[in-house]
Amino acid sequence: MLARLEQSAAQLSADDLKRTKHALMVLPKATSLDALGGVPSVEALAAALARRGKKFAELAQAPLATDLPHGTLASWVMLDPSRPVFQRQTILRKGLQALLAEKPGEIAIAVFGPAGVRRRAAELAVYSAWVNGAPLPERKKKPAGALRAIRLHGYASGDAFAGQRAVAEGNFLARELTVLPPNELTPGSYRRRVRELARQKGWRHEEYDVKRLRKMGAGAFVAVAQGSAEADAAIVHLSYRHPRARKSFALVGKGICFDTGGHNLKPARSMQGMYKDMNGSAVALGILAAAAALKLPARLDCWMAIARNDIGPRAYLQSEVVTALNGTTIEIVHTDAEGRMVLADALTLAARAKPDLMVDFATLTGSMHTAVGERYSGVFATSERLARAALLAADGSGERVCVFPQDEDYDEDLESAIADVKQCTMEGAADHILATRFLKRFVGDTPWLHMDLSAAKCKGGLGAVATDINGFGVAWGVEFLKAMLR
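Keep in mind it's a predicted model, so treat the numbers as computed, not measured.

A. Structural detail: the packing of helix α10 (residues 279-293) against helix α15 (residues 474-485). In the contact formed by α10 and α15, the axes pass within 9 Å of each other and the chain directions differ by 50°. It follows that α10 is oblique to α15 by the angle criterion. Handedness of the α10/α15 crossing: right-handed. Contact residues: Val-283, Gly-286, Ile-287, Ala-290 and Ala-291 in α10; Val-474, Gly-477, Val-478 and Leu-481 in α15. A per-class count over the contact of α10 with α15 returns seven nonpolar, two polar and no charged.

Below you can see the structure in the form of structure tokens.
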């Protein structure tokens, strides 16, 4: 539940500041403190800067928190509009963290400067306050309290920041699902949650369970799912239809609720946290929720490949040959490359609906993490136009991506002597590229973009979001879909 928002177009006054216990003071870029007019308690900021030997301009790089004489904790930040959205989000997030660390029930956000500057500052600040003010699920005796109210001074949005709220809710949904422990988010319980959400939102809902998929010939998905004791895996299909839809988009997500590695069992260090391997499906669901709330004029289909990669008597083995839904035969090389297996059949189903564009999301390869770390995610596109749109969406959303190649000659490494294609290689070199080349066999001629979510988890937070699990991809996805509709 996001915090209640109260807005006032009037600037924050000294009396307003005295009535609040926690205030985020968002300053415009200025040459000096003297250039700031109408900012209350600016003398306290000047004293704090002097005491710490800092220059005023340094507020554009890092926030500064001060206790005001009347007891308010004020966190001061300066937003430079020439800096990328990601950097502005980061400084706002850090400024808010100084306040939220005290677990307040409400905070004030004050924006200053010209009208256009105040508007953009308010959009970024309110979004960050929403995504960071709602605590993620935890199982402690004394759970963290939620931020109940945000009081915004200096700008009032006519739609109460509906766009920011929709993305914040989608982001929180993705993170909320991702952090649930594996005994709470099993494939079966995940499906029930999604079914109930679809009922609440009025989305069309359909499930392809293991029995149905086996009968259809979806051998790639079934190979992974059959290792679980519970036959609760499924490909879940959700649909949102705007009455004036101009284009159709398919969102596909990897939903591995726990990944043991199968018979190629992961060591303990690598298996830690593998309940979060369903993050791609949660991101796709979060984008669907945000896009539907915004009433984007599109037809959206969300395909969630939900399963576990367990080890057991029926788990698939190295050197098996399985047949995917589109008839492609696959030589199994490593049972821990299960993500591309479940996505193969999910992509085939999505492509059969002939969307104008498909986008899939997956925490897919360790090699992408090696390539860019946890501050960027990698993308692969079937055209330069899509690649450029992906980069522009990253700039606009603050969720940064790096475009990677997927040239055809990489296919040589996936040639199999006994099947149409190898699932992967034992060497593992450029596995993020090889995984993409593998997946491309299942999209047909549909325009397609693949995101390998190496930034799904970033220690200490990333951009606007302070939690390690940051919901990367939801804000990017909404920005990307908007661009594709223009």
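B. Representation of helix α2 (residues 42-52) within the structure. Residues of α2 that are buried include every one of Val-42, Ala-44, Leu-45, Ala-48 and Leu-49, and no others. Along α2, the residues classed as buried sweep out an arc of 155° about the axis, all on the same side. For α2, exposure combined with an orientation more than 90 degrees from the buried face picks out Glu-43, Ala-50 and Arg-51. Looking at the buried side of α2, the elements it contacts are β2 (22-28), β3 (64-67) and β4 (73-79). Looking one or two places after α2, you find Gly-53, whose phi comes out positive at around 65°.

C. Spatial organisation of the pairing of strand β14 (residues 377-381). Across the five residues of β14, five count as buried, placing the element largely inside the fold. Side chains Ser-377, Val-379 and Ala-381 of β14 all project onto a buried face; the interleaved residues Gly-378 and Phe-380 project onto the opposite face, where all are buried too. As defined by bridge partners, β14 adjoins strand β15 (residues 401-403) across three bridges and the pair is classed as parallel. The partner of Ser-377 across the bridge, within β15, is Val-401. Crossover β14 to β15 through helix α13 (residues 384-397) is right-handed. Taken together, the four bridges between β14 and strand β17 (residues 448-452) define a ladder with antiparallel strand orientation.

D. Molecular detail of the side chain of Ser-239. Relative to the helices and strands, Ser-239 is located in strand β8 (residues 234-241). Classification of Ser-239 as buried rests on a relative accessible area of 5%. Polar side-chain contacts of Ser-239 include one of 2.8 Å to the side chain of Asp-301. Not counting residues up to four positions away in its chain, the partners in contact with Ser-239 are Trp-203, Arg-204, Leu-300 and Asp-301.

E. Spatial organisation of helix α3 (residues 85-100). Over its 16 residues, α3 runs 22 Å from end to end, which matches the ideal 22 Å to within 8%, given 1.5 Å per residue. Across the 16 residues that make up α3, a large majority, 12, are buried. The set of residues buried in α3 consists of Val-85, Phe-86, Arg-88, Gln-89, Thr-90, Ile-91, Leu-92, Arg-93, Gly-95, Leu-96, Leu-99 and Leu-100. If you follow the buried residues of α3, they end up packed against β2, β4, β5 (106-111), α4 (115-133) and α13.

F. Structural context of the environment of Val-126. Structurally, Val-126 can be placed in helix α4. For Val-126, a relative accessible area of 0% corresponds to the buried category. For the pair formed by Val-126 and Ala-3, sequence separation is 123 residues and the distance between their alpha carbons is 9.9 Å. With residues near it in sequence (within four places) discarded, Val-126 still touches Leu-5, Ile-109, Leu-152 and Phe-161.

G. Main features of the nonpolar core. Counting residues in hydrophobic clusters, the biggest one holds 60 residues, and the most contacted among them are Tyr-190, Trp-203, Leu-238, Leu-285, Phe-361, Trp-476 and Phe-480. Of all the elements, α10 adds the most residues to this core, at nine residues. Residues in contact with Leu-285, not counting those within four places in the same chain, are Leu-173, Leu-177, Val-194, Leu-197, Trp-203, Leu-238, Cys-302 and Met-304. Counting 45 residues, the second largest nonpolar core, distinct from the first, contains Leu-325, Ile-330, Ala-351 and Phe-442.

H. Region of interest: the sheet that holds strand β12 (residues 329-331). Strand order in the open sheet formed by three strands is β11-β12-β16, and the pairing between neighbours is mixed. Looking at strand neighbours, the two that pair on one side only are β11 (321-323) and β16 (421-422), the edges of this open sheet. In the sheet, β11 pairs with β12 via three bridges, with the strands oriented antiparallel. From the neighbouring strand, Thr-323 faces β12, where its bridge partner is Thr-329.

I. Layout of the pairing of β5. Burial analysis of β5 places five of its six residues in the buried class, the great majority of the element. In this structure, β2 lies alongside β5, joined through four bridges in parallel fashion. For Leu-24, the partnering residue across the bridge sits in β5 and is Ile-109. Alignment of β5 against strand β6 (residues 149-153), held across five bridges, turns out to be parallel. Note on β6: the bridge partner recorded for Ala-108 is Arg-151. The parallel pair β5 and β6 is bridged by α4, and the resulting crossover is right-handed.

Each value, and the rule that gives it
- Residues numbered from 1 in each chain as written.
- Predicted model: local features only at pLDDT ≥ 70, side-chain atom pairs only at ≥ 80, totals over all residues.
- Heavy atoms only, no water.
- Axes fitted to C-alpha atoms, helices over the stretch in contact; angles between N-to-C directions.
- Helix = DSSP H or I, 4+ residues; strand = E, 2+ residues; numbered from the N terminus.
- Parallel < 35°, antiparallel > 145°, perpendicular 65-115°, else oblique.
- Left-handed = near helix turned anticlockwise from the far one by under 90°.
- Contact = heavy atoms within 4.5 Å.
- Nonpolar A, V, L, I, M, F, W, Y, C, P; charged D, E, K, R; others polar.
- Buried < 20%, exposed > 50% of the residue type's maximum accessible area, 1.4 Å probe, protein only.
- Arc of directions from axis to C-beta.
- Pairing = 2+ DSSP bridges.
- Right-handed = clockwise from strand over helix to strand, strands pointing away.
- Polar contact = N/O pair within 3.5 Å; in protein donor to acceptor, adjacent residues only side chain to side chain.
- Expected span 1.5 Å × (residues − 1).
- Core = buried A, V, L, I, M, F, W, Y, C linked by side-chain atoms within 4.5 Å.

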